[in-house]
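Understanding the architecture of this molecule
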Amino acid sequence: MLGIVKAKGAVLTDEEGKEYIDAIASWYTAMYGHCHPVITKAVSEQMKKLDQVVFSGFTHQPAIELSESLMSVLPYNQQKLFFSDNGSTATEIGIKMALQYFHNLGEKRNVMLAFEEGFHGDTFGAMSVSGLSAYNGPFEEHFIRVERIPVPNDDNVEEVLESVEKRLKKKDIAGFIYEPLVQGAAAMKMHRPEHLCRILRLMKLEGVITIADEVMTGFGKTGTCFASEQVTVKPEIICLSKALTAGLLPMAITSCSKKVYDAFYDDAVHKGFFHGHTYTANPLACTAALAALELFRSDEMQGNIKRIIRRHKEFDCRIKDHPRVASTRQTGVIYAIDLTLNTDRYGSLRDRLYSYFMDQGIFLRPLGNTIYLLPPYVISDTELDRVYRAIEGCLELDL
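Residues numbered from 1 in each chain as written. Predicted model: local features only at pLDDT ≥ 70, side-chain atom pairs only at ≥ 80, totals over all residues. Heavy atoms only, no water.

Under an unreviewed UniProt entry, the name given to the protein is Adenosylmethionine-8-amino-7-oxononanoate aminotransferase, and the source organism is Muriicola marianensis. Among the UniProt annotations of the protein, the heading Sequence similarities (unreviewed entry) holds the following wording: "Belongs to the class-III pyridoxal-phosphate-dependent aminotransferase family. BioA subfamily." Listed under Subcellular location (unreviewed entry) in UniProt, the entry text for the protein is "Cytoplasm". (UniProt positions renumbered as here; feature names shortened; annotations may be inferred.)

1. Some details on the pairing of strand 13 (residues 325-331)
Working note: regular strand, side chains alternate between the two faces of the sheet. Bridge count for strand 13 against strand 14 (residues 334-339) is six bridges, and the pairing is antiparallel. Across the sheet, residue Arg329 finds its bridge partner in strand 14, namely Ala336. (Pairing = 2+ DSSP bridges. Helix = DSSP H or I, 4+ residues; strand = E, 2+ residues; numbered from the N terminus.)

2. Overview of the sheet that holds strand 6 (residues 146-149)
Strand order in the open sheet formed by seven strands is 4-12-11-10-7-5-6, with mixed pairing between adjacent strands. Only two strands of the sheet have a single partner each, and these edge strands are strand 4 (80-84) and strand 6. On average, adjacent strands in this sheet sit at an angle of 20 degrees to one another, irrespective of strand direction. With four bridges connecting them, strand 5 (residues 111-115) and strand 7 (residues 173-178) associate as parallel partners. Counted as the bridge partner of Met112 is Gly175 from strand 7. Contacts from helix 3 (residues 61-71) reach strand 4, strand 11 (237-240) and strand 12 (252-256) within the one sheet, and its direction differs from that of strand 4 by about 130 degrees. (Axes fitted to C-alpha atoms, helices over the stretch in contact; angles between N-to-C directions. Contact = heavy atoms within 4.5 Å.)

3. A look at the UniProt feature "modified residue: N6-(pyridoxal phosphate)lysine" (unreviewed entry) in the protein
UniProt annotation of "modified residue: N6-(pyridoxal phosphate)lysine" (unreviewed entry) refers to Lys242 when read in the numbering used here. Checked against the element boundaries, Lys242 lands in the loop between strand 11 and strand 12. Non-local contacts of Lys242, meaning those with residues more than four positions away in its chain, are made with Trp27, Tyr28, Thr29, Val215, Met216 and Gly247. Within the structure, Lys242 has its side chain in polar contact with the backbone oxygen of Trp27 (distance 3.4 Å). (Polar contact = N/O pair within 3.5 Å; in protein donor to acceptor, adjacent residues only side chain to side chain.)

4. A few points about a positive patch on the surface
A cluster of basic residues, Lys108, Arg145, Lys166 and Lys170, forms a positive patch on the protein surface. Relative to the helices and strands, Arg145 resides in the loop between helix 6 (133-136) and strand 6. (Patch = residues over 30% accessible without salt bridge, like charges linked within 9 Å, V, L, I, M, F, W, Y side chains within 5 Å. Areas by Shrake-Rupley, 256 points an atom, 1.4 Å probe, with all protein chains shown as cover. Salt bridge = Lys/Arg side-chain N within 4 Å of Asp/Glu carboxyl O. Lys, Arg positive; Asp, Glu negative; His and termini not counted. Charge placed at Lys NZ, Arg CZ, Asp CG, Glu CD.)

5. Brief notes about the nonpolar core
Of all hydrophobic cores here, the largest spans 105 residues; its most connected members are Tyr32, Leu70, Phe176, Phe219, Phe357 and Ile391. No other element matches the eleven residues that helix 10 (residues 283-297) contributes to this core. If sequence neighbours within four positions are ignored, Leu70 has contacts with Leu81, Phe219, Leu240, Leu244, Ile253 and Leu293. By size, the runner-up hydrophobic cluster in this structure holds 24 residues, among which are Ala90, Phe102, Val129 and Val215. (Core = buried A, V, L, I, M, F, W, Y, C linked by side-chain atoms within 4.5 Å. Buried < 20%, exposed > 50% of the residue type's maximum accessible area, 1.4 Å probe, protein only.)

So, in structure tokens, the structure goes:
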């Protein structure tokens, strides 16, 4: 384990004073850079007024302001917000909402649908709908009922649609959870919005509650604030975390449509949604999220997002035909390269690549033979050039 003692902008510094460019924004959280003064100043001022209060029977200004601000950028059908404290919990809540929605309506729908190779977190519901057995193996016999479908692409979309349409006729599917456009833990595998839209349209026709897991993709990473903006059919539920608070403090939000909310709004207590955490809607985390959203909307950050997208495209033109490169792909600021080498997800190649990049002062976390970038929006062109050169250098190594 390497001790990190400070971070600023796109740079991490270890105990020996060595610096590393954080080219994945510390797992896609610190998108506005580490210790951004706008965020730290706002949180510092808030902590002198109200640090923590239970979010049951009480509310507070940061939560109210954040709710209003988020509602102005979420897709139009999102009407209600439910606070929690991390990405896994955000998806867990979405799954519970979908299952309880039909329970409250008196319909027996107890099966969840999910994409193959999806990842939605480490709590039991989230693990259940995740398709990466490397993480879930010891617990699979304890999971809720889940069926998986292939991610649609140009070659299989008609076959997938036909299979899904047939499966939905059983009327036992409660919800469909998916990572829109980019499957992060699956090594940034990407799919087209028009194919996803056709899947979602089928779900909507059969009354299935659709859950967009935007924990990774949210707040600009795909080029729009939310990946769901690029898909015509909007989800009933959206899960948010990570860049929500710019990586400063843990918090999550699960939003839903009025249709979903109305199934829980009843005088019968048992129809309520019983889920709450001690630090739900923590005032400091809400304040960090408000400041982060202000930064996201700024001309500077929007310009930075466009700049990074353009730079990735330019880099792709240089590298895509290299004999060591099997394929490349990009959605927004997310860029991935597959090497022409076969290896296990956490095999020795991954370890060698990781060590190489760290020696170069670049923090990247390759997955198998995939190298991916998801840099903070404040990364400079000089820092990006260092990252690109390090990747080009690794292609000439004896791997």
